[in-house]
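Tertiary structure, described
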Amino acid sequence: MTGILVNIYRKMLSGFIILVCTFSFFLVAGFISSSNISFFKFKVNGDIGAEVFLRIISYENPLIGHALTGSNADLPILSTGFKLLTNVEMNDIRSLIRSEIPGFMAFDSNFLIADEGVDFTDIPIESAPPMEVLLQERSMAANELKELNSGKTYTGSTPTEKSVFIYHTHSWESYLPLLGLEGAENENEAVDGKTNITIVGELLGKELEKKGIGASVDKTNIGQELDKKGWMTHKSYEISRSLVQSAMAGNKKLEYFIDLHRDSVRKDSTTATINKEPYARLVFVIGEENKNFQKNLKFANELHKILNKNYPGISKGVLPKKGIGVDGIYNQDLHANTLVVEVGGVDNNMKELKNTIEALADAISQIYWEAEEVNG
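Residues numbered from 1 in each chain as written. Predicted model: local features only at pLDDT ≥ 70, side-chain atom pairs only at ≥ 80, totals over all residues. Heavy atoms only, no water.

Attention shifts here to the overall build of the chain. Within the chain one finds 12 helices and nine strands. Per-residue burial over the chain gives 43% buried out of 376 residues. On the chain, roughly 20600 Å² of surface is accessible, and the fraction owed to carbon and sulfur atoms is 57%. (Helix = DSSP H or I, 4+ residues; strand = E, 2+ residues; numbered from the N terminus. Buried < 20%, exposed > 50% of the residue type's maximum accessible area, 1.4 Å probe, protein only. Areas by Shrake-Rupley, 256 points an atom, 1.4 Å probe, with all protein chains shown as cover.)

Structure below.
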């Protein structure tokens, strides 16, 4: 009798254990599928996720394997599995610390097209100071103003038809030398409501007009507009979006939309000497989450190639951006020829900026006039 009871007890215990294990399995599976923790996510849109996903289902449907044309023939099982399990990439040290150090996610991108020697340390950094700081207005340093006004005065005619719209989503971004703060340790001091990136936009508009291309330069003080609405700086792209949409509605002949910014990294990364002349280096930023990504990329790549052919090293390259903490669209869904252009960094002076804007205008005009010839 005792033996029978023991057997019944064992069977009941085994059944209970199986039930608990089954319940636990489904509980864990549900947690994993709904979790926001990146450790549990299979990133199909990541660098390797899509390829891994396609390889897995191609074992059942060989036709899917055609999507892998051009991919690496051999999938590195060890490193791929390790990345999927831990989100740590064996060939990228950033993956060890990107989620541990506050602000390090800013470096969680890679140049899609890069000049020689450019790496993740050259990635543009955006930093916004408190509203009261970016609303201050100061005059340009005397020596920089003199440089701005130096050179020959253009006396030619100005095109009446506007084809390029230049604007500044972060209009407060400035340069330390322009504010009389050259060499300041704190890069966040390079902000101003008056002496800022809009001056660079004016320079680009004038250079394009010298080449027969009409340009409209918007100098809206985005900081003031944000302040009026009680918005924080991360809403600045909503303000500039309305500016672009209004410009497009008012002029159907606008073909190019250039959003000028300046980088926060320091001078050794943002400056180049080309043919014995100093230049502020450029970066073209493309939002990967916009529908025109491939068209925007084509436009940026053309500019990058032309610039580095004529001015070797002036363009760092093309940087795609997406994900948490970035806009990912940058209003580039509004038109195929829309770009964010980082013009130098906080340490660049007026001489370097003027040289670079002349080079950028050269490249834009080459693309513009070639397109005009094609369109007849």
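Residues of helix 8 (residues 222–229) that are buried: Ile222, Gly223 and Leu226. Down the axis of helix 8, the buried set is contained in an arc of 100 degrees. They therefore lie on one face. Buried-residue contacts for helix 8 involve helix 5 (131–134) and helix 9 (236–250). Note on helix 8: the residue one or two positions beyond its end, Gly230, has a positive phi of about 70 degrees. (Arc of directions from axis to C-beta. Contact = heavy atoms within 4.5 Å.)

The next subject is the packing of aromatic side chains. In total, this model carries seven aromatic pairs according to the counting rule given. Measuring from centroid to centroid gives 5.4 Å for Tyr256 and Phe299, while their planes differ by 45 degrees, and the two rings are tilted. Note that Tyr256 is positioned in strand 4 (residues 256–263) and Phe299 in helix 11 (residues 293–310), a separation of 43 residues in sequence. Using a relative accessible area of 4% as the deciding quantity, one classes Tyr256 as buried. According to the relative accessible area criterion, Phe299 is buried, its value standing at 3%. An aromatic cluster is built from Tyr256, Phe299, Tyr368 and Trp369, whose rings are joined through pairwise contacts. Positioned over the ring face of Trp231 is Lys229, at 5.2 Å from the centre of the ring. Over the ring of Trp231 we find Lys235; its NZ or CZ atom is 5.0 Å from the centre of that ring. (Phe/Tyr/Trp six-rings, centres within 6.5 Å; stacked < 30°, edge-to-face > 60°. Lys NZ or Arg CZ within 6 Å of the ring centre and 35° of its normal.)

Examined against the element boundaries, Glu342 turns out to sit in strand 9 (residues 338–345). Buried within the structure, Glu342 lacks any salt-bridge partner; Arg262 is the closest side chain of opposite charge, at an N-O distance of 6.5 Å. Looking at Glu342, its side chain comes within polar contact range of the main-chain nitrogen of Asp263, at 3.2 Å. (Lys, Arg positive; Asp, Glu negative; His and termini not counted. Salt bridge = Lys/Arg side-chain N within 4 Å of Asp/Glu carboxyl O. Polar contact = N/O pair within 3.5 Å; in protein donor to acceptor, adjacent residues only side chain to side chain.)

This part is about the confidence of the model for the chain. Mean pLDDT over the chain stands at 80; residues scoring 70 or higher make up 69%. Below a pLDDT of 50 lies the segment residues 69–73, which in the model reaches five contacts outside its immediate sequence neighbourhood of four places, other chains included. Long-range and interchain partners of residues 100–107, a stretch whose pLDDT sits below 50, account for 10 contacts in this model, where long-range means more than four residues apart. (pLDDT = per-residue confidence, 0-100.)

If you walk through the whole model with that rule in mind, you get 15 salt bridges. For Lys162, the salt bridge goes to Glu209, with nearest N and O atoms at 3.3 Å. Of this pair, Lys162 sits in strand 2 (residues 162–167) while Glu209 sits in helix 7 (residues 197–210); the two residues are 47 residues apart in sequence, bridging distant segments of the chain. In this structure, Lys235 and Glu238 form a salt bridge, with 3.3 Å as the shortest nitrogen-oxygen distance. The class of Glu238 is partly exposed, set by a relative accessible area of 44%. Here the salt bridges do not stand alone but share partners, grouping Glu187, Arg266 and Asp347 into one network.

When glycine is set aside, most residues are seen to have a negative phi, and most peptide bonds are trans. Phi at Asn275 takes a positive value of approximately 50 degrees, unusual for a residue other than glycine. Within the secondary structure, Asn275 sits in the loop between strand 5 (271–274) and strand 6 (277–280). Of note, the phi angle at Tyr330 is positive, near 55 degrees, even though the residue is not glycine. Turning to its location among the elements, Tyr330 is positioned in the loop between strand 8 (315–321) and strand 9.

On to the nonpolar core. In this structure, Leu204, Leu208, Leu260, Phe284, Val341, Val343 and Leu360 are the most contacted members of the largest nonpolar core, which totals 46 residues. When residues in this core are grouped by element, the largest group, 10 residues, is from helix 12 (residues 350–375). (Core = buried A, V, L, I, M, F, W, Y, C linked by side-chain atoms within 4.5 Å.)

Here we come to the layout of surface pockets. Quantified by volume, the second largest pocket comes out at close to 480 Å³. Along its surface, the second largest pocket is lined by 19 residues, and Leu148, Ser150, Lys152, Leu203 and Lys210 are the ones closest to its centre. For the lining of the second largest pocket, the secondary-structure elements that each account for two or more residues are helix 6 (142–148), helix 7 and helix 12. Ranked by residues supplied to the lining of the second largest pocket, first place goes to helix 7 with six residues. (1 Å grid on protein atoms, 1.4 Å probe; cavity = no way out; pocket = protein on both sides within 12 Å on 5 of 7 lines; lining within 4 Å. Points joined across faces, edges and corners; volume = space filled by probe spheres on them.)

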